[in-house]
Amino acid sequence: SQVIPVEATIIWGVVSLSISITLIELCTPGRSLPQAAVAQLRNPAMIGCVVGFVLGQSFETVPAVITNMAGFFTKMAAPCALFATGLILSQNLRLHNLSLALTITAYKSVFHPALAFIIIMFWGGYNLEEGRSTLMVSFAPLGVMAVTFGMRYGVDTGPICLAMLISFIVALLGIPIVATW
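Residues numbered from 1 in each chain as written. Predicted model: local features only at pLDDT ≥ 70, side-chain atom pairs only at ≥ 80, totals over all residues. Heavy atoms only, no water.

On to the overall build of the chain. Looking only at helices and strands, the chain features eight helices and zero strands. Secondary structure elements of the chain, listed N to C terminal, follow the sequence α-α-α-α-α-α-α-α. Within the chain, the fraction of its 181 residues that count as buried is 25%. Expressed as a percentage of contacts within the chain between residues at least 6 apart in sequence, the contacts between residues at least 24 apart total 70%. (Helix = DSSP H or I, 4+ residues; strand = E, 2+ residues; numbered from the N terminus. Buried < 20%, exposed > 50% of the residue type's maximum accessible area, 1.4 Å probe, protein only. Contact = heavy atoms within 4.5 Å.)

Of note, isoleucine 119 is situated in helix α5 (residues 98–123). On the basis of relative accessibility, which here comes to 37%, the residue isoleucine 119 falls in the partly exposed class. Separated by 12 residues in the primary sequence, isoleucine 119 and glycine 131 have C-alpha atoms spaced 9.9 Å apart.

Overall, the coordinates contain one salt bridge when judged by the stated rule. Among the salt bridges present, the one from glutamate 129 reaches arginine 132, with a minimum N-O distance of 2.9 Å. With glutamate 129 and arginine 132 both in helix α6 (residues 128–138) and three residues apart, this pair spans about one turn of that helix. Given a relative accessible area of 12%, arginine 132 falls into the buried group. (Salt bridge = Lys/Arg side-chain N within 4 Å of Asp/Glu carboxyl O.)

At a minimum axis distance of 9 Å, the contact between α6 and helix α8 (residues 158–180) shows a crossing angle of 175°. The pairing of α6 with α8 is recorded here as roughly antiparallel in orientation. Residue-level contacts link Arg132, Leu135 and Met136 of α6 to Ile175, Val178, Ala179 and Thr180 of α8. Class assignment of the residues belonging to the contact of α6 with α8 gives a composition of five nonpolar, one polar and one charged. (Axes fitted to C-alpha atoms, helices over the stretch in contact; angles between N-to-C directions. Parallel < 35°, antiparallel > 145°, perpendicular 65-115°, else oblique. Nonpolar A, V, L, I, M, F, W, Y, C, P; charged D, E, K, R; others polar.)

The next subject is the packing of α5 against α6. Closest axis-to-axis distance for the α5/α6 pair is 10 Å, and the angle between their directions is 155°. On the basis of the axis angle, α5 is roughly antiparallel to α6. Our pair here, α5 against α6, has a crossing hand that is right-handed. Facing α5, whose interface residues are Lys108, His112, Pro113, Ala116, Phe117, Ile120 and Met121, α6 presents Leu128, Gly131, Thr134, Leu135, Val137 and Ser138. Grouping the amino acids of the contact of α5 with α6 by side-chain chemistry returns eight nonpolar, four polar and one charged. (Left-handed = near helix turned anticlockwise from the far one by under 90°.)

Looking now at the side chain of lysine 108. Topologically, lysine 108 is positioned in helix α5. A polar atom in the side chain of lysine 108 sits 3.1 Å from the backbone oxygen of serine 138. Discounting chain neighbours no more than four positions away, the residues touching lysine 108 are Pro113, Val137, Ser138, Ala140, Pro141 and Leu142. (Polar contact = N/O pair within 3.5 Å; in protein donor to acceptor, adjacent residues only side chain to side chain.)

Shown next, in the form of structure tokens:
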């Protein structure tokens, strides 16, 4: 019962990421709608979602070689992402623009969980136990995608990197509180 909200949250993350990439590509000077759509073909989250859906629909049980390979990639993803994030943070973590970093952190670590709580509890009508896993996801730290997009589109990533660090510290406190609340 706790898996469904997490899956829905992940799928919504993939959809919103795809929409964001398309909008960013459309706002890039000289990009057309077909070029923005083609950019989705290079979106790893979208590729993974489509491949997973196709495999899930193609087999009654997914072959062991595919699940083993997916398990290997799953186990390698977090260490590789942490290593890459550490390298990026070590180069970009400066205290300039601290107010922007704190504003970003406030939106991600306070406003986002509060909005999720309101939607889950009052608009969705779920009780706390049903919404707990989704609320825990809402407390997750600022992701590396903001830095990746910033680097890709030539934006100063210093404030984003600092916000990642601060939101990670806030998440260390927020997630256990929601988990035991």
